[in-house]
Amino acid sequence: MACLIVAIAAALASAPQTRAQQALQSGLSWQQRFLGILPLVKPDPKDPIVVTVNGTPITVAQVKDYAKTEQRLINANSTEETRAVFKDAMENLISRQLLIQEAERRHIKIPDGELAQRAREFQIQGIGGETMSSTGNAPDQILLDQVRGSMEIEKMLDEDFQKHKVAPGEQDIQRYYDEHKDLFVQDPGQVRLSHLAIKLPPNATDAQKAEGMKRITKLREEALKTRDFGALAKDKSEDTPTASKGGDLGYFMKGQLPPVVDKLAFSTPVGQVSSILQSNMGFSFLKVTERRGVTYAPLSSAKTKIAMVLLDYNQEYIVKNMLKGIAKDAKIKFSKLPGENPQS
């Protein structure tokens, strides 16, 4: 399993992204994407087909129905997010159909009794907390067919998970804990910071601000590459008092700095540089050079969380690789929909 255990700190602490990226990348698990969200719509010959997967059609109504649930689950509200959700919903339905077809190819069977019981569970409580049977547009057979597909996928993947032994072992958990200690800080202690700053003149124009951002961005790129941040700060920083000291600002406890700066200072790993800070005075970025007095949560208290993160990642890895393999030979054909606006 060593090949599956990789650095996945993003699962616990993510870099800044647009809201749409955050929603789509961190909002849904593979279980929700391929097992939980069911497009429960009546067949309608007038419903345009948006894509076929090895001959099986996926309609606009199905994508919209799926997207509506996904949008609610990830709290996507803006026009940009709504468009991104529709595209993501279509891709998820394509992947779901590929997985169903692969399960059928492997002759995965679900006993009728188990299917009926699971369908009743969906009717009582949907994944988003809504009562699925109250929609009024999902006949029992449609629900049974969709639940059967989810159960076939689930059974097939369970067999693959067992085959690949996705459950992390004690050594995997210990290694992740050791390699990602910054994720398990109890008391952040103090950080020692350096910075590099570019000043703006009073009442700077937009052009001056743009030029300042261009300069600080270039300097940050240099800082990411250099091993001697102090020399770079001495040569390029326009904050004269600290430039002479290689940009050194000294030690700070949590709460001593303005909230935005404080957050960056205590979330940036030792030896790394922060994102760019902007104010009316100019632009700057930090480098965390040392951390002292820090205490960490013991492995015993973090073990369950780490195991869940690694298990989820390993399962996702198996699912993605399976989809990559079966999609390679699949016939996926997108339909052009003249005058059709999926977002309407």
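None of the values given here were measured: they were computed from a predicted structure.

Student: Would you explain the side chain of Asp 47 in this entry?
Tutor: As for its position among the elements, Asp 47 is in the loop between α2 (30-36) and β1 (49-53). Put simply, Asp 47 is tucked away with no salt bridge, and the nearest opposite charge, on Lys 64, sits 7.6 Å away. From its side chain, Asp 47 meets the backbone nitrogen of Ala 61 in a polar contact 3.2 Å long. Apart from the residues lying within four places of it in its own chain, the contact partners of Asp 47 are Thr 59, Val 60, Ala 61 and Gln 62.

Student: Which parts of the structure should I look at to understand the environment of Ile 326?
Tutor: Within the fold, Ile 326 resides in helix α12 (residues 299-328). Residues Ile 326 and Glu 102, spaced 224 residues apart in sequence, show a C-alpha to C-alpha distance of 7.5 Å. Excluding residues that lie within four positions of it along the chain, Ile 326 makes contacts with Leu 98, Leu 99 and Glu 102.

Student: Sorry, what's going on with the pairing of strand β2 (residues 56-59) here?
Tutor: Within a regular beta strand, the side chains point alternately toward one face of the sheet and then the other, so they alternate between its two faces. Direction of pairing for β1 relative to β2: antiparallel, over a ladder of four bridges. The residue bridging Val 51 from the neighbouring strand is Ile 58, located in β2. Between β1 and β2, which follow one another and run antiparallel, lie two residues, and Asn 54 among them has a positive phi close to 50 degrees.

Student: For this particular structure, what's the right way to read the pattern of salt bridges?
Tutor: Side-chain pairing between opposite charges can occur once the charged atoms of the two side chains come close. Scanning the entire structure with this criterion turns up 15 salt bridges. Residue Lys 303 is joined to Glu 170 by a salt bridge in which the shortest nitrogen-to-oxygen separation is 2.9 Å. Linking Lys 303 in helix α12 with Glu 170 in helix α7 (residues 170-179), this pair joins segments that are 133 residues apart in sequence. Classification of Lys 303 as partly exposed rests on a relative accessible area of 31%. A salt bridge links Asp 182 to Arg 291; the nearest nitrogen and oxygen atoms lie 3.7 Å apart. Of this pair, Asp 182 sits in the loop between α7 and β3 (185-187) while Arg 291 sits in strand β7 (residues 282-292), placing them 109 residues apart in sequence. Accessibility expressed as a relative area gives 39% for Asp 182, which makes it partly exposed.

Student: Would you mind going over the packing of aromatic side chains with me for this structure?
Tutor: The relative placement of two aromatic rings is captured by the distance of their centres and the angle of their planes. Scanning the entire structure with this criterion turns up four aromatic pairs. Judged by centre distance (6.1 Å) and plane angle (75 degrees), the ring pair of Phe 229 and Phe 285 falls under edge-to-face. With a gap of 56 residues between them, Phe 229 in helix α9 (residues 229-236) and Phe 285 in strand β7 connect regions that are remote in the sequence. The exposure class of Phe 285 is buried, given its relative accessible area of 0%. Arranged with centres 6.4 Å apart and planes meeting at 45 degrees, the rings of Tyr 313 and Tyr 317 form a pair that is tilted. One end of the pair is Tyr 313 and the other is Tyr 317, both in helix α12 and four residues apart, which spans about a single turn. Take Tyr 317: its relative accessible area is 30%, and that puts it in the partly exposed class.

Student: Just to check I follow, could you spell out the sheet that holds strand β4 (residues 190-199) for this structure?
Tutor: Remark on secondary structure: sheet strands pair via backbone hydrogen bonds, oriented parallel or antiparallel. Taken in spatial order, the four strands of this open sheet run β5-β4-β7-β6, and their pairing is antiparallel. Both outer strands of the open sheet, β5 (248-253) and β6 (277-279), are each paired with one neighbouring strand and no more. Pairwise comparison of adjacent strand axes, ignoring direction, gives a mean angle of 35 degrees for this sheet. The pairing of β4 with β5 spans five bridges and is classified as antiparallel. What sits directly across from Arg 192, in β5, is Tyr 251. In the packing of helix α8 (residues 206-225) onto the sheet, the strands contacted are β4, β6 and β7, and the crossing angle to β7 comes to about 30 degrees. Across the face of the sheet, α9 comes into contact with β4 and β7 while running at roughly 35 degrees to β4.

Conventions used here
Residues numbered from 1 in each chain as written. Predicted model: local features only at pLDDT ≥ 70, side-chain atom pairs only at ≥ 80, totals over all residues. Heavy atoms only, no water. Helix = DSSP H or I, 4+ residues; strand = E, 2+ residues; numbered from the N terminus. Buried < 20%, exposed > 50% of the residue type's maximum accessible area, 1.4 Å probe, protein only. Lys, Arg positive; Asp, Glu negative; His and termini not counted. Salt bridge = Lys/Arg side-chain N within 4 Å of Asp/Glu carboxyl O. Polar contact = N/O pair within 3.5 Å; in protein donor to acceptor, adjacent residues only side chain to side chain. Contact = heavy atoms within 4.5 Å. Pairing = 2+ DSSP bridges. Phe/Tyr/Trp six-rings, centres within 6.5 Å; stacked < 30°, edge-to-face > 60°. Axes fitted to C-alpha atoms, helices over the stretch in contact; angles between N-to-C directions.

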